[in-house]
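Reading the structure
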Amino acid sequence: MTASIFILTGAGISAESGVETFRDKGGLWSKVKLEDVATPEGFSRDPEAVHAFYNARRASLLGVAPNPAHYALARLEREYPGDVTLVTQNIDDLHERAGSQAVIHMHGELSLSLCVHCGAKAKAESDLSLALACTACGTAGSLRPDVVWFGEMPYRMNEIYEKLMDADLFVSIGTSGAVYPAAGFVAEARTAGIRSLELNLEPSDGTFLFDEARHGPASKLVPAFVE
Ligand code: BJW
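Each value, and the rule that gives it
Residues numbered from 1 in each chain as written. Predicted model: local features only at pLDDT ≥ 70, side-chain atom pairs only at ≥ 80, totals over all residues. Heavy atoms only, no water. Buried < 20%, exposed > 50% of the residue type's maximum accessible area, 1.4 Å probe, protein only. Helix = DSSP H or I, 4+ residues; strand = E, 2+ residues; numbered from the N terminus. Pairing = 2+ DSSP bridges. Near = heavy atom within 4 Å. Polar contact = N/O pair within 3.5 Å; in protein donor to acceptor, adjacent residues only side chain to side chain. Areas by Shrake-Rupley, 256 points an atom, 1.4 Å probe, with all protein chains shown as cover. Nonpolar A, V, L, I, M, F, W, Y, C, P; charged D, E, K, R; others polar. Domains from an automatic or database assignment. Axes fitted to C-alpha atoms, helices over the stretch in contact; angles between N-to-C directions. Contact = heavy atoms within 4.5 Å. Salt bridge = Lys/Arg side-chain N within 4 Å of Asp/Glu carboxyl O. Buried area = accessible area lost by both parts, 1.4 Å probe.

1. Here we look at the pairing of strand β6 (residues 143–147)
Counting buried positions over the five residues of β6 gives five, a clear majority of the element. Pairing between strand β4 (residues 108–115) and β6: five bridges, direction antiparallel. Bridge pairing links G108 to V147 in β6.

Next comes the structure, spelled out in structure tokens:
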């Protein structure tokens, strides 16, 4: 029987495309306080500052492109005879631009807005701000980026755990293993007897829990894994 593969990606897979990571030297969390921009409390205190942070990141995506690691995972989804689940913590759309069809964005998507009044999600066509109104319910000043902040529940967790438990191989790519619940997947895989592989620039926080770890740039390691 063909093995089912569950893949988790993090900021490291997009690093070579020019998207900033969070916890690497010079990463986003060394420039801004995560409490200010990545918590519901930060958004309540200063929504325009949070909008500015995400508007700038959304704009910067226009100047980047997928790298060989994204393309390799899209090829895996297309050509592998067994099940492939791709879960990303990233809010960029580089997996989709590389051709992946069924990406689960557990921390949301920069390209979407979320209305805090009615819950409607919509394409974020322009910069978000308090001046905009929700196109679904008409409420003014109710839009936020559709991303998951600390203290909020990541998306599609039931489906994600089901897919993880059905897998024969768990592969973690480009993530520091610092943020739960994704950081806990390797321990859960281990308990369930699912084989695990880490592909990361350097050992992650949970590297000792993996059955195998390969360290280096994703643009080299991921295509080599997919071959
Ligand atoms: C390369 C590379 C190259 C570089 N090639 N590799 C204790 C236990 C359990 C939970 C908690 C706890 N204490 C607190 C919590 C809760 C909290 C949490 O985890 N806090 C920790 C700090 C401890 N978690 C939450 O609040 C989450 N919600 C939650 O837990 O709900 C309850 C729940 C319970 C049980 C089940 C389900 C739910 C929500 C977390 C939301 C995180 N949001 C962010 C922001 C999203 C929007 C945005 O992008 O702005 O998500 S934070 C940020 O971190 C972002 C990322 O997705 C996430 C992970 O970062 P990632 O991807 O790992 O990036 P880095 O920078 O950390 O690492 C990059 C890696 O790449 C490095 O290792 C490099 O070496 C490597 N690399 N170049 C290969 N070229």
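2. Section: the site of the ligand
Taken together, 36 residues form the shell around the ligand, and within it R57, E152, T175, S176 and Y180 come nearest. One nitrogen or oxygen atom from the main chain of G151 is found 2.7 Å from an oxygen atom belonging to the ligand. Measuring from an oxygen atom of the ligand, one finds a side-chain N or O atom of E202 at 3.5 Å. In isolation the ligand exposes 1500 Å². Once the protein is present, 78% of that is buried. Taken together, the elements giving at least two residues each to the shell around the ligand come down to α1 (12–15) and α4 (47–60). Grouping the constituent residues of the shell around the ligand by class yields 19 nonpolar, 11 polar and six charged. Residue-level mapping places the shell around the ligand at the junction of two domains, with at least three residues from each of domain 1 (1–18 + 66–107 + 154–227) and domain 2 (20–63 + 110–147).

3. Let's talk about the sheet that holds β6
Read from one edge to the other, the open sheet built from three strands follows the order β5-β4-β6, with strand pairing classed as antiparallel. With partners counted over all chains shown, the strands left at the sheet margins are β5 (121–123) and β6, one partner each. The mean inter-strand angle of the sheet, taken between neighbouring strand axes irrespective of direction, is 45 degrees. Across three bridges, β4 lies against β5 in antiparallel orientation. By the bridge assignment for β5, L112 is matched with K123. Strand contacts of α4: β4 and β6, with the helix running at about 55 degrees to β6, the strand carrying the most contacts.

4. Some details on the pattern of salt bridges
Inspection of the entire model under this criterion finds 10 salt bridges. Ionic pairing is found between E20 and K31, a salt bridge with its closest N-O pair at 2.2 Å. Taken together, the residues E20 in the loop between α1 and α2 (34–37) and K31 in the loop between α1 and α2 connect sequence positions 11 residues apart. The class of E20 is partly exposed, set by a relative accessible area of 37%. With relative accessibility at 54%, the residue K31 sits in the exposed group. In this structure, K121 and D146 form a salt bridge, with 3.0 Å as the shortest nitrogen-oxygen distance. Highlighted residues: K121 in strand β5 and D146 in strand β6, separated in sequence by 25 residues. Its relative accessible area of 1% is what places D146 among the buried residues.

5. So, the domain arrangement of the chain
In terms of domain boundaries, the chain breaks down into domain 1 (1–18 + 66–107 + 154–227) and domain 2 (20–63 + 110–147). Domain 1 puts 14 residues into the contact, and the matching count from domain 2 is 13 residues. Roughly 950 Å² is buried in total at the junction of domain 1 and domain 2, and carbon and sulfur atoms are behind 57% of that figure. When the buried area of domain 1 at its contact with domain 2 is split by residue, A11, I91 and Y155 rank highest and sum to 48% of it. Where domain 1 touches domain 2, the interface holds zero salt bridges. Seen at the junction of domain 1 and domain 2, the total is three residue pairs in polar contact (both at pLDDT 80 or more).

6. A short note on the sheet that holds strand β2 (residues 84–88)
With parallel pairing, the six strands of this open sheet are ordered in space as β3-β2-β1-β7-β8-β9. Either end of the sheet is taken by a strand with one partner, and the two such strands are β3 (103–105) and β9 (212–215). Across the sheet, the mean angle from the axis of one strand to that of its neighbour is 20 degrees, orientation sign disregarded. As judged from the five bridges shared by strand β1 (residues 5–9) and strand β7 (residues 169–173), these two strands associate in the parallel manner. Bridge pairing links L8 to S172 in β7. Against the sheet, helix α9 (residues 218–226) engages β7, β8 (195–200) and β9, with an angle of about 145 degrees to β8.

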